[in-house]
Every structure is written in structure tokens, then in C-alpha cells.
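Spelled out from the first residue to the last, the chains are:
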Amino acid sequence: MYGKHGILFEESYQQKLKTAFYYTDSDPYYGERLFFDNSGGSLRLKAAVNAKAESESLPDCPERSHSAALQLNRLVQDGTREIMSCVFGTEKGALMTELTASQTMFHMVEMVMENIPGTNAVVSVLEHPSSFDAAAYYCAKLGKELRVIPADPSTGAIDPDAAAALVDENTCLLSVMSASNVTGAIMDIPAIVKKARAKKPDLYILSDAVQHAPHQALDTEGLQVDGMNMAPYKFFGVRGCGFAWVSERMAQLPHRKLLAKDRKVFALGTPAPGNFAAMLAVLDYVCGIGAKFAESTDRRSLFRKGMERIHLQERALLHRLLEGTKENPGLRYIPGVSVYADGLPLERRDLIAAIGIAGMDVCDAVKAYEAKGVIVCDRSNRSMYAKRIVEALGLEGAIRVSPLHCHGTEDIDRFLRITAEIAAK
Ligand SMILES: Cc1ncc(COP(=O)(O)O)c(C=O)c1O
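Note that this is a predicted model, so its numbers are computed, not measured. (Residues numbered from 1 in each chain as written. Predicted model: local features only at pLDDT ≥ 70, side-chain atom pairs only at ≥ 80, totals over all residues.)

This paragraph deals with the overall build of the chain. When its secondary structure is counted, the chain shows 14 helices and 15 strands. The C-alpha radius of gyration of the chain comes to 21 Å, within 12% of the 22 Å expected for a compact globule of 425 residues. Taking the principal axes of the C-alpha coordinates as reference, the chain spans close to 65 × 55 × 40 Å. Split into buried and exposed, the 425 residues of the chain put 52% on the buried side. Across the chain, every contact between residues at least 6 apart in sequence was considered, and the portion connecting residues at least 24 apart equals 69%. (Helix = DSSP H or I, 4+ residues; strand = E, 2+ residues; numbered from the N terminus. Rg over C-alpha atoms; globule rule 2.2 N^0.38 Å. Buried ≥ 20, exposed ≤ 12 C-beta atoms within 10 Å, placed from the backbone. Contact = placed C-beta atoms within 7 Å.)

In terms of domains, the chain is made up of domain 1 (11–43 + 309–424) and domain 2 (50–281). Of note, the centres of domain 1 and domain 2, computed from C-alpha atoms alone, are 27 Å apart. Taken together, the 29 residues of domain 1 in the interface contact 27 residues of domain 2. For the side of domain 1 that touches domain 2, the elements supplying multiple residues, two or more each, are α11 (299–323), β12 (353–357), α13 (387–392) and β15 (397–401). The class makeup of the residues in the side of domain 1 that touches domain 2 is 16 nonpolar, 6 polar and 7 charged. (Domains from an automatic or database assignment. Nonpolar A, V, L, I, M, F, W, Y, C, P; charged D, E, K, R; others polar.)

For G408, the position within the fold is in the loop between β15 and α14 (409–424). By the C-beta count within 10 Å, which is 20 here, G408 ends up buried. Those residues in contact with G408 that lie beyond four places of it in its chain are E11, Q14 and Q15.

Printed below as a string of C-alpha cells:
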């Protein structure tokens, strides 16, 4: 893709985008602050929060036939179609909804592990507990072997050959995330799929796209995977739901469902139109960015263009974060600061940096940032969510820095100045 170091939005446009989100530069509890923990839950689009509130305010059951009910039902139908087509890049297969992304992953892993013959499952060591533990749980339950792909600490990525080396004709599942929630490394899923299917052509492959989806359009058809999931609250939307897409053949596997419903209907119980309304507002926002840079009336093309420009803006912000300017040296050049797993080129990274400060525990560092008005996250080996992952990268922990595309260069520069102050202490 063009723009090796990314392409910034014009400043006035970036500032306009910022106004579309709640609490960008301050919150009611802290006051003025820089929010660089978007990987833990992104800034919220006002339109998404409002759309959810608006449809929640209607009492009507979406499965009736009067006008308000029909409108709520339309949100579910349109939302399902557009989430599949725009976010997951396909009209085929089916959409699964649960309360969280973790639940969708457990459900997908359960379907494969319980129905596909095989004596082992292969997962990457970098997986979030939702996919790692799901594979471990069903291996233990069904008496299968769990095989764990090691990580490359210099890049924070999974080597496709290392993944394929663990796959054989008895593998029933391969699960590798699309991008790391600790380092931002984008995994080479196309190569992983190709090499793994060379060992077992009909292998079922899942990919957790929770951290990648807010940064780049997903392409389930091109990748030929069987399942991917995402979390709206990390994608400018709302908490309280998780979405996953499953392939045609996955949808046909036996799964928990109401007997009278089609195999492709995963919803159990009354759908929540508000969650679809919020996600439709997110898609409107991304398509709006696309429409500024491309002429099209096709939602999917506008969405892809919008995500491409978001990715280019984020790449330019990541470049500035790492390299800095003459006035504000980047993370790579601030004495006492280490950027972990810094080996991948920018086009293979989402806007997340894992850093350390010499002589400082990562949890203390996060407190020091907070005292100076910056919200970042500690990924320490004392956290059950991070232990396996950071240790696989040869670390005790990392400070995770995750701005968003609506931030500007001044936000990055401010973060760099504060980091230099903390590291100098
Ligand atoms: C990569 C990744 N996968 C899955 C999840 C789980 O998302 P949820 O908490 O919505 O289940 C997270 C959350 O941090 C994540 O970062």
C-alpha cells in the first residue's frame, strides 16, 4: 500500500473527526487528559452512543409488525447485512452475536472442536485468553493435544512456518489472531493460512480480529478463514455485545440454536436492535471518511476506503510516535525508553506501541503517566490477561500506548514530551 510512513489527514479534518467522539481530551472524573488506551476500549462515537440510546428507549419487540417494531427489526436486518459486508468483507456465511467477543470465540472454538475429527488443536502463544483458553478448555474436555506456536520476540509476530510446523492431518483447529493487542503486530494471516492448508487442505482456521478490526478492513473471503470476531467497544462503538462472522461450512456445523430456526441463525432470544444501531452509526462514520477520498455509492467500497485512510493516518501517527521530530525525539530516541518488538515495518503494524522505561515497573510507570494526565495501560506479567503473552516476548511487562486515528500530531508530541519527563526522573 502507498504511504510507507502513512498519510496524515489535513489538520482541520482531523480536528473535525475528533469532535465526532465523546471525551476526547477530558473526562468528567479526571479533567483534561490524553486518552491513549484505545486498545482497552476506544473513544466512543457520539452517534453510536446516541443511536443505541434512541432505540433502547422504544419498548417495542422487534418481532412484531407495527411501525416501531418494523423500524427496530430493520436495524437488526440492516445491521447484520452491513456488519458482514463492510466489517468482515463478505455476503456469505453468517453473523454470530453474543454479549462479548470472548463468548463468540468460545462458541466458534466449541463448534470446531466438538464436530471436526482430529487429535490436536494449534493456537499461537500470543492469543488473548478468550481464544487461547477456549482451545485449552475444549482440548482438556475432549482429550485432544494443545499445540502452542511460539512468537518472534523481535517482531511480536507469529512466523507462518512455525505455525505450519505444528499442523498435521490430525489437527482439527488452527487459531491465530489478526493483530496483537500488546504490540500491534499484524500477523501474516494469508501466509499462515496458505502454509497450514498445504499441510491439511480442509483445516478449520479462526482468527481473533478484535484488535485489528478498528484499524483496517477485514477480508474474510480473501483470507479463506472460517471465523473472525470483533468487539464494537474497541471499534468506536458500545460495550455489551460481540460479533463474529462464520463461513458457510462453519454455519452448517451443529451448534446451539433454536430448532425451528435456520442453521445460519445464531441469535438465541430477542435481538438487541440498539447494538446494531450503534454499529450502523460506526459504519456511517467510516463510510463518511471514505466518501471524502473516493466517489462511490457502494457502502462496502466507501467503508474500505475509509478504513484505508484511517490506517494511513494511524501509520503516520505511529511513525511520529517512534521517530518524533527535532523538537520532540521519538520513543526510539528518548534515553531510558525501550520500544519492544519493534522489528516490523510500519505497514505491518496497527497503532499500538509496547514500551518500557528503564528502572521503572510498568504499573508504576502507568501511574506516573496518569499523574501527568495521560491514560495508558500496563500489560504486566502480574495480569492474567497479559502474563503468557509478555513472557512469550521475553518481557516482564510493557506499557501499552494506543492512540486513535482522530488524534493529531500535537497529541503525539505531548505524549513524547511527558514520556521524556518520566524517563528522566
Ligand atoms: C485481541 C483480543 N481478543 C479478544 C478480546 C476480548 O474482548 P471481550 O472483552 O469483548 O470479550 C480482547 C479484549 O481486550 C482482545 O484484546
